[in-house]
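Close look at the chain arrangement
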Amino acid sequence: MAHVITTLCIRDGACVEVCPVECIVPGPKDDPEWGKYFYIDPDTCIDCGACVPECPVEAIFPEEDLPPEYADDAEMNARYFQEGPGYWDFDLEEERVRE
């Protein structure tokens, strides 16, 4: 099972920096459908959990521990890689939102 980034995501980007398999990608900021969050590729995620403590708003969960109110977010992450932009060449500093 993979980890899931939920709609709690604030685009901090710290999760990207620690992922050993580089499976976390921001949706392009200017994309109206995908630009709100970062996404984890469920087919590439090795379920290591390195991203979880890095998230300042606790938006990342192991899929098996996903709270019911965020159940649709697992599908959203998968859809991003199946139907959305997927992997792309991005500048993390330009894509993250830091407060």
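Use the structure listed above.
All of the points below concern the structure found in this document. (Residues numbered from 1 in each chain as written. Predicted model: local features only at pLDDT ≥ 70, side-chain atom pairs only at ≥ 80, totals over all residues. Heavy atoms only, no water.)

With that settled, the discussion passes to the side chain of N77. Position of N77 relative to the elements: it lies in helix α2 (residues 71–82). A residue is classified by how much of its surface remains accessible, and N77, at 2% relative accessible area, is buried. Separated by 2.8 Å, the side chain of N77 and the backbone oxygen of I5 make a polar contact. When near neighbours in sequence (up to four residues on either side) are disregarded, N77 contacts V4, I5, F38, Y39, I40 and P42. (Helix = DSSP H or I, 4+ residues; strand = E, 2+ residues; numbered from the N terminus. Buried < 20%, exposed > 50% of the residue type's maximum accessible area, 1.4 Å probe, protein only. Polar contact = N/O pair within 3.5 Å; in protein donor to acceptor, adjacent residues only side chain to side chain. Contact = heavy atoms within 4.5 Å.)

Moving on, we come to the pattern of salt bridges. Close approach of charged atoms allows side chains of opposite charge to pair. Counted by the stated rule, this structure contains five salt bridges. With a closest N to O distance of 3.5 Å, R96 and E17 form a salt bridge. Taken together, the positions of R96 in the segment after α3 (92–95) and E17 in helix α1 (residues 14–18) put the pair 79 residues apart, joining distant regions of the chain. The exposure class of E17 is exposed, given its relative accessible area of 52%. Across the pair R79 and E33 runs a salt bridge whose closest N-O atoms are separated by 3.6 Å. Placement of the pair is R79 in helix α2 and E33 in the loop between β2 (24–26) and β3 (38–40), with a sequence separation of 46 residues. Overall, the relative accessible area of 53% leaves E33 in the exposed class. Members of the salt-bridge network, linked through shared partners, are E17, E93 and R96. (Salt bridge = Lys/Arg side-chain N within 4 Å of Asp/Glu carboxyl O.)

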